[in-house]
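A closer look at the structure
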Amino acid sequence: PDPMAQPPIEQVSDAISLERPEGTMDPNSQFYIQRQSDTVAMSALQQQNGGTVTILGPRQMGKSSLLFRTIANAREQNKKVIFLDFQQFESTTLEDSDRFFQRFCAWLTRKVRLKNRVEAFWQENEGLDNPMQCTCYLEDYLLPEINQPIFLAMDEVDRLIKSPFRDSFFSMLRSWHNDRADVDSPWRQFDLVMVTSTEPYQLIQDMDQSPFNVGTSVGLRDFSLAETAELNQRHESPLSDAELATLMAWVNGHPYLTRKALFLAASSQMSAAEVFDQAAASRGPFGGHLRYHLLRMEDKSPLVEGMLQVISSQSCKDEQVLRRLEGAGLVQRGEGRQVLPRCRLYAEYFGEHLRE
């Protein structure tokens, strides 16, 4: 997401300006609900010798919005912020190690407004592999030139999941984290924050070399009833207490779906009753969200079978399928070996449409 892009604002009265629920939220948005994950992430990045944080969760949970809150906090601490969105890398770059590591360094260089010395540096240090070249480029050039604490924020790092060099890239990040143990290391002035929708074990084979099992891992959870009620209040309470309970029964605090329902009601586009009546309809208020997940599953029969099994028997026999459904945010583990659809909306919609 583009940090400069603000969601459209709709003026519905003199008292309130609504924000559409899609996209990354402004760090100062009145509709941003702070969760426990915010506190954990912020405290992890207050450490004197640099912090490593992974923000993990399915899509539309608020990962990028939390990332930009950590960025705003870093700027307040006078850290040099570098934001990289891996969605901006072309697929051809993600398939070629030489091209990727050099463009990664070039991107960092451009973000801090320094002269690009990547090509010359690679020639000078010919013989070193790409992760070592990249590390030396930062240690010998970028970090000394910047000469202030650096905050590297990387969104959508799971775009590397199919890259042939993904293990070496993530191992390099782990080495940067480990180097903070040296009291003279320049990496003690370096914060690293990564956002991923993919479980870390799928991103690197050797977990001893993984940057995801060091530092702090922040998993985003759904809104509680109290948080949903607070968000309703910030929308000038378009839903009654009884309607809030019904909304929780439908979406179980899913951040995007909760915001969507409140936006529609607060902007008078739909009444609460209409939202609930049409909730599981393909062209209803949540239709785009539901169709996205349906399309992602329809040509993957193990996922379809696994989801239907969860809906019908609250179980999933294939652990790998269960992890994929869980990673997509479609199911959640209950007590014992029980597995449940994440919310009533998913149970009803996918129970009907996956059987077609």
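First, a word on scope: everything that follows refers to the structure included in this document. (Residues numbered from 1 in each chain as written. Predicted model: local features only at pLDDT ≥ 70, side-chain atom pairs only at ≥ 80, totals over all residues. Heavy atoms only, no water.)

**Some remarks on the pattern of salt bridges**
Within the structure shown, the criterion is met by 13 salt bridges. Across the salt bridge formed by R69 and D38, the nearest N and O atoms sit 3.3 Å from each other. Taken together, the residues span a long stretch of sequence, with R69 in helix 2 (residues 63-76) and D38 in helix 1 (residues 36-44) at a distance of 31 residues. Here R69 matches D38 in class, with each residue buried. Ionic pairing is found between E326 and R333, a salt bridge with its closest N-O pair at 3.1 Å. On the basis of relative accessibility, which here comes to 42%, the residue R333 falls in the partly exposed class. Within the structure, one salt-bridge network assembled from shared partners comprises E319, R323, E326 and R333. (Salt bridge = Lys/Arg side-chain N within 4 Å of Asp/Glu carboxyl O. Helix = DSSP H or I, 4+ residues; strand = E, 2+ residues; numbered from the N terminus. Buried < 20%, exposed > 50% of the residue type's maximum accessible area, 1.4 Å probe, protein only.)

**So, the sheet that holds strand 4 (residues 80-85)**
Taken together, the five strands give an open sheet; going across it, the order is 4-5-6-3-7, and neighbouring strands pair in parallel fashion. Strand pairing shows two members of the sheet lacking a second neighbour, strand 4 and strand 7 (216-219), which therefore form its edges. For this sheet, the mean angle separating the axes of adjacent strands, direction not counted, is 15 degrees. Relative to strand 7, strand 3 (residues 52-56) is paired through four bridges, and the arrangement is parallel. Paired with T54 across the strands is S217, a residue of strand 7. Helix 3 (residues 97-111) rests against strand 4 and strand 5 (150-155) of the sheet, and its axis sits at about 135 degrees to strand 4. (Pairing = 2+ DSSP bridges. Axes fitted to C-alpha atoms, helices over the stretch in contact; angles between N-to-C directions. Contact = heavy atoms within 4.5 Å.)

**A look at helix 1**
By the burial criterion, the buried members of helix 1 are S37, D38, A41, M42 and A44. Take helix 1 and look down its axis: the buried residues cluster within an arc of 165 degrees, on one side only. (Arc of directions from axis to C-beta.)

**Structural notes on empty space enclosed by the protein**
Over the atoms a probe the size of a water molecule is rolled, and this reveals where empty space is left. Under the criterion given, the structure shown has one cavity of 30 Å³ or more. Approximately 50 Å³ is the volume attributed to the largest cavity. What lines the largest cavity is simply I82, L108, L138, L142, L143, I146, I150, L152 and F190. Going through the elements one at a time, helix 5 (130-146) and strand 5 are the ones with two or more residues in the lining of the largest cavity. Tallying contributions element by element places helix 5 first for the lining of the largest cavity, with four residues. Across the lining of the largest cavity, the residue classes tally to nine nonpolar, no polar and no charged. (1 Å grid on protein atoms, 1.4 Å probe; cavity = no way out; pocket = protein on both sides within 12 Å on 5 of 7 lines; lining within 4 Å. Points joined across faces, edges and corners; volume = space filled by probe spheres on them. Nonpolar A, V, L, I, M, F, W, Y, C, P; charged D, E, K, R; others polar.)

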